[in-house]
Amino acid sequence: MTKDDIITLPNQHLRERSKKVGFITPEIAQLIDDMKVATLDWEASREHEVGVALAAVQVDKLLRIVVIRNDFDNKQDKTFTVFINPTITKYEGALEDDYEGCLSVPDIYGKVPRYSKVRVKAQDERGHEFRISAEGFLARVLQHEIDHTNGIVFVDHIKDNKNAFYHLKDDGHLEELDYEKSIRTNSILW
Ligand code: NI
């Protein structure tokens, strides 16, 4: 797979709930590899962004699989952790606003409220259950990706917030978007 296999809004599959994975078949293992390759290929085409994570729905496979980069701050580290059938078992801490982007929502960023800590249960690539407790940016990424498995895109959380939408400029800086002009009736987002 390449970055061109990544679907973007307004593709309505992004608003569908993905199915649970049963056995980890060779096809599932191949899909996981493909998701990592597509994420890294996308990153190679984007000067100012990191390919932080991807859910299988984003390569148009409606399965509950998420891959998350192990080091968000080092593009040279191309390793991922795989979460199969991930679920949030507990939300902790407070809701905090921070910037979020998505490979399926090109060039638009949003300030999205997320819990500062979550506990997550998932299976690894061998089908073994594991649990993690995450905070900060990883907690945000997990909430964003698990949303994808449930057909929720980050913009859905801030749909009615007039001051939450930003545009990524060519120089890498974020610029607030005019909600009335660019967002409220945007036929790509909604
Ligand atoms: Ni996303």
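Figured I'd write up the structure that's included with this text.

Rules used throughout
Residues numbered from 1 in each chain as written. Predicted model: local features only at pLDDT ≥ 70, side-chain atom pairs only at ≥ 80, totals over all residues. Helix = DSSP H or I, 4+ residues; strand = E, 2+ residues; numbered from the N terminus. Rg over C-alpha atoms; globule rule 2.2 N^0.38 Å. Contact = placed C-beta atoms within 7 Å. Buried ≥ 20, exposed ≤ 12 C-beta atoms within 10 Å, placed from the backbone. Pairing = 2+ DSSP bridges. Expected span 1.5 Å × (residues − 1). Arc of directions from axis to C-beta. Core = buried A, V, L, I, M, F, W, Y, C linked by C-beta atoms within 7 Å.

Quick word on the overall build of the protein chain
Moving on, step 1. Helix and strand content of the protein chain: four helices and seven strands.
Moving on, step 2. Across the protein chain, helices and strands are ordered from the amino to the carboxyl terminus as α-β-β-β-β-β-α-α-β-β-α.
Moving on, step 3. The C-alpha atoms of the protein chain give 16 Å as radius of gyration, which agrees with the globular expectation for 190 residues (16 Å, within 12%).
Moving on, step 4. By principal-axis analysis of the C-alpha atoms, the protein chain measures approximately 45 × 35 × 30 Å.
Moving on, step 5. Here the analysis covers contacts within the protein chain between residues at least 6 apart in sequence; of these, 63% occur between residues at least 24 apart.

Overview of the environment of Ala 29
Moving on, step 1. You can see Ala 29 is positioned in helix H1 (residues 26-44).
Moving on, step 2. Ala 29 gets classed as partly exposed once you count the C-beta atoms within 10 Å, which come to 13.
Moving on, step 3. Sequence separation between Ala 29 and Val 120 is 91 residues, and the spatial gap between their C-alpha atoms is 21 Å.
Moving on, step 4. When residues no more than four places from it in sequence are discounted, the contact partners of Ala 29 are Ile 24 and Glu 125.

Details of the pairing of strand E4 (residues 105-123)
Moving on, step 1. As defined by bridge partners, strand E3 (residues 80-102) adjoins E4 across 13 bridges and the pair is classed as antiparallel. Counterpart to Glu 96 in the pairing with E4 is Arg 114.
Moving on, step 2. Hairpin connection between E3 and E4: a loop of two residues separates the two successive antiparallel strands.
Moving on, step 3. Relative to strand E6 (residues 165-168), E4 runs antiparallel, the two sharing three bridges. Residue pairing for E6: Gly 110 is matched across the bridge by Phe 165.

So, the environment of Val 67
Moving on, step 1. Position of Val 67 among the secondary structure elements: in strand E2 (residues 65-69).
Moving on, step 2. When the 25 C-beta atoms within 10 Å are taken as the criterion, Val 67 is described as buried.
Moving on, step 3. In sequence terms Val 67 and Thr 79 are twelve residues apart; their C-alpha atoms lie 9.5 Å from each other.

Some remarks on H1
Count 3.6 residues to each turn of an α-helix, and residues three or four apart come out pointing the same way.
Moving on, step 1. Given a rise of 1.5 Å per residue, 19 residues ought to cover 27 Å, and the 27 Å separating the end C-alpha atoms of H1 matches this to within 8%.
Moving on, step 2. The set of residues buried in H1 consists of Ile 32, Met 35, Ala 38, Thr 39 and Trp 42. Considered in projection along H1, the buried side chains sweep an arc of 125 degrees and stay on one side of the axis. Those residues of H1 that are exposed and angled more than 90 degrees off the buried face are Pro 26, Gln 30 and Ala 44.
Moving on, step 3. Here the buried face of H1 lies against strand E1 (53-55), E2 and E3.

A closer look at the nonpolar core
Moving on, step 1. With 34 residues, the main nonpolar core has Met 35, Leu 54, Ala 56, Ile 65, Val 66 and Val 67 as its most contacted residues.
Moving on, step 2. Elements with a contribution of two residues or more to this core: H1, E1, E2, E3, E4, helix H2 (136-149) and helix H3 (154-157).
Moving on, step 3. Among the elements that take part in this core, E3 stands out by supplying five residues, more than any other.
Moving on, step 4. Setting aside residues up to four positions removed in sequence, Val 67 forms contacts with Ile 32, Met 35, Lys 36, Thr 39, Ala 53, Leu 54, Phe 80 and Val 82.
Moving on, step 5. Among the nonpolar cores identified, the runner-up in size contains five residues, and Ile 108, Tyr 109, Ala 164 and Phe 165 belong to it.

Purely geometric numbers; function is a separate question.
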